[in-house]
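Architecture and fold: a report
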Amino acid sequence: MHDPKALRGIESKAIHAGEYPDPVTGASAPNLVMSTTFVTDEPAGFSAHDLSDDSPFLYSRWGNPTVRQLEAKIAALEGAESAVCTASGMAAGSGLLLTLLSAGDRLVVSNTNYAGVAELVRDTLPRMGIEVAVVDTSDLDEVERALKAKKTKLVYIETPANPIMRLADVAAIAELAHQHGASLGVDSTFASPVATRPIELGADYVVQSLTKYYCGHGDAVGGAIAGTSESMRAINFEAGIHFGGVLSPFNAWMILRGTATLPLRMRAHEQNALELSGYLQNHPAVTAVMYPGLESHPQHALARRQMQNFSGMLTFQVADGSKVAERAAKELQIFHYAVSLGHHRSLIFWMPTEDLMSTSFRLSGDDLKGYREFAGDGIFRVSVGLETAQDLCADLDHILN
Ligand SMILES: *Cc1c(COP(=O)(O)O)cnc(C)c1O
């Protein structure tokens, strides 16, 4: 097996980290081990409490050789000591929140984030006696006020935030959280580790929906949490072994294959998104474009500091969004009118502000004003794929004219 120190660049890590040739056959590609159970030659305990890091594999919910290879690769890419894979990005987010937080604890969380997380923190956590403070985490003063107001266990942010492409300053929030005795978790799905590695910026945990850029091909759902070895032991114990939302080895194998080309794909996603956002900015029917790579993005300076790649996610606004959305769903030739993101295929979806407020976000006052500064009455969220950029522009041109 290679010395991990030889893997300096992110491209080398994406391909080789965590993987090893099969010790029996010498197979170069990682083995897909679907076995649920493993034969042991010595009696072992029946509780996961008896497991240690070098325990042999016993049962696939406790640990699986294919999933373990992906976990090691993710840890290397995120600059973390360790990672735990989960059945989905939501299983990663809920696994982290429910492992760390108990009744009486307080969570400070972004007021705009992935809809499933928004609903989980607003509806489920309070039901379990967890206090949730929802703030605009793009505003450092607001984060600080929330931390000063009351003892907080965890700050949980998303950057860039779904669906409006608003950023949060990971390094500054990590410092604030730590000053006030809280930990920081960052959902970095939109950025991918090619753009931003929150752990290296001071965060304690990073959450990824592997379904998106990591897998990259839109054909496997999965999630991951990364952090210190010690914290990941606790997460594996609760989120994996007890809550049971573990990643299927088959999906791990698919995601391992996708991850090998993550750095290459992110460069191509960024290139296409730059071309498409430039085209949209100059289109007379388009009233606003939000892409961190554009100088016109209100947080472009932060994006330059925090993102080594601007990723492939952008939004745009038009005067009559719902009408254009109807045409988009019926008439686009290349774009798929569909949710999700991070695939080789370009995806577009209309997200009206009023609908999202009544379902997931329920913002009012300054929070709603801040949301509207990025999203107006509604946005087309675009996951720019890997097709020919001119073809993508021509496809959108058709519905915008
Ligand atoms: C998709 C997504 C999730 C949830 O991931 P699943 O794999 O769909 O469960 C969480 N956060 C963000 C930012 C996402 O885009």
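Residues numbered from 1 in each chain as written. Predicted model: local features only at pLDDT ≥ 70, side-chain atom pairs only at ≥ 80, totals over all residues. Heavy atoms only, no water.

What to know about the environment of His336
The following threshold applies: By definition, any uninterrupted DSSP run of H or I lasting at least four residues is a helix, any uninterrupted run of E lasting at least two residues is a strand, and each is numbered from the N terminus. Burial here depends on accessible area, computed with a 1.4 Å probe over protein chains only, as a share of the maximum for the residue type. Under 20% is buried, over 50% is exposed, and the range in between is partly exposed. We call two residues in contact when some of their heavy atoms are within 4.5 Å.
With respect to the helices and strands, the residue His336 is situated in strand E10 (residues 336–337). We classify His336 as partly exposed; its relative accessible area is 41%. The spacing of His336 and Leu347 is 11 residues in sequence and 4.9 Å in space, taken between C-alpha atoms. Ignoring sequence-local partners within four residues, the contact set of His336 consists of Arg345, Ser346, Leu347 and Ile348.

As for the environment of Gly181
Residue position: Gly181 is located in the loop between helix H6 (170–179) and strand E5 (183–187). In this structure, the C-alpha to C-alpha distance between Gly181 and Leu154, residues 27 residues apart in sequence, is 8.8 Å. When sequence neighbours within four positions are dropped, the list of residues in contact with Gly181 reads Lys151 and Thr152.

Focus on the sheet that holds strand E8 (residues 286–290)
Strand pairing in a sheet relies on backbone hydrogen bonds, with the paired strands running either antiparallel or parallel. As a reminder, the rule being used: The pairing criterion for strands is at least two bridges between them, as found by DSSP. Axis angles are defined between N-to-C directions and span 0 to 180 degrees, where every axis is a line fitted to C-alpha atoms and, for a helix, only to the segment in contact.
Within the open sheet, the 5 strands sit side by side as E8-E9-E12-E11-E10. Their pairing is mixed. Only two strands of the sheet have a single partner each, and these edge strands are E8 and E10. Two elements, strand E9 (residues 313–318) and strand E12 (residues 378–383), share 4 bridges in a ladder whose sense is antiparallel. Across the sheet, residue Met313 finds its bridge partner in E12, namely Ser383. Contacts from helix H13 (residues 353–361) reach strand E11 (347–352) and E12 within the one sheet, and its direction differs from that of E11 by about 75°.

A few points about the site of the ligand
Heads up, the condition is: Residues are classed as near a molecule or strand on a simple rule: at least one heavy atom within 4 Å of it. Think of a polar contact as two N or O atoms within 3.5 Å of one another; within protein, one of them needs to be a possible hydrogen donor and the other a possible acceptor, and neighboring residues in sequence only count if both atoms come from side chains. In this description, accessible areas are obtained by the Shrake-Rupley approach with a 1.4 Å probe, and a residue is regarded as covered only by the protein chains that are shown. Classification convention: Asp, Glu, Lys, Arg as charged; Ala, Val, Leu, Ile, Met, Phe, Trp, Tyr, Cys, Pro as nonpolar; all other residues, Gly among them, as polar.
Lining the immediate environment of the ligand, one finds 13 residues, of which Gly89, Asp187, Ser209, Thr211 and Lys212 sit closest. In this structure, Met90 approaches the ligand through a main-chain N or O atom, which is 2.8 Å from an oxygen atom. A distance of 2.6 Å is found between a nitrogen atom of the ligand and a side-chain nitrogen or oxygen belonging to Asp187. Contact with the protein chains covers 91% of the free accessible surface of the ligand, which is 380 Å². Residues belonging to the shell around the ligand are distributed by class as follows: 4 nonpolar, 6 polar and 3 charged.

Some thoughts on the side chain of Thr112
Relative to the helices and strands, Thr112 is located in the loop between strand E2 (106–110) and helix H4 (115–127). Within the local environment of Thr112, its side chain forms a polar contact with the side chain of Asn111, the two groups lying 2.8 Å apart. Among residues more than four places away in sequence, those in contact with Thr112 are Ala161, Asn162, Pro163, Ile164, Arg166, Phe361, Leu363 and Tyr371.

Some thoughts on the environment of Asp105
Considering the arrangement of structural elements, one finds Asp105 in the loop between helix H3 (89–100) and E2. Judged by relative accessible area, which is 18%, Asp105 ranks as buried. Residues Asp105 and Val143, spaced 38 residues apart in sequence, show a C-alpha to C-alpha distance of 17 Å. In this structure, Asp105 is in contact with Leu100, Gly129, Ile130, Glu131 and Lys153, ignoring residues within four places of it in sequence. A polar atom in the side chain of Asp105 sits 3.5 Å from the side chain of Lys153.

Quick word on the packing of helix H10 (residues 262–281) against helix H15 (residues 389–400)
We apply this condition: Between 65 and 115 degrees an angle is taken as roughly perpendicular, under 35 as roughly parallel, over 145 as roughly antiparallel, and anywhere else as oblique. Helix crossings fall into two classes, left-handed where the near helix is turned counterclockwise from the far one by less than a right angle and right-handed where it is turned clockwise.
Viewed as axis vectors pointing N to C, H10 and H15 meet at an angle of 30°, and their least axial separation amounts to 9 Å. What the angle tells us is that H10 and H15 run roughly parallel. Along this stretch, H10 crosses H15, giving a crossing that reads as right-handed. Of H15, the residues touching H10 (which contributes Asn272, Glu275, Leu276, Tyr279 and Leu280) are Ala389, Gln390, Leu392, Cys393, Leu396, Asp397 and Leu400. Residue classes in the contact of H10 with H15 are distributed as 8 nonpolar, 2 polar and 2 charged.

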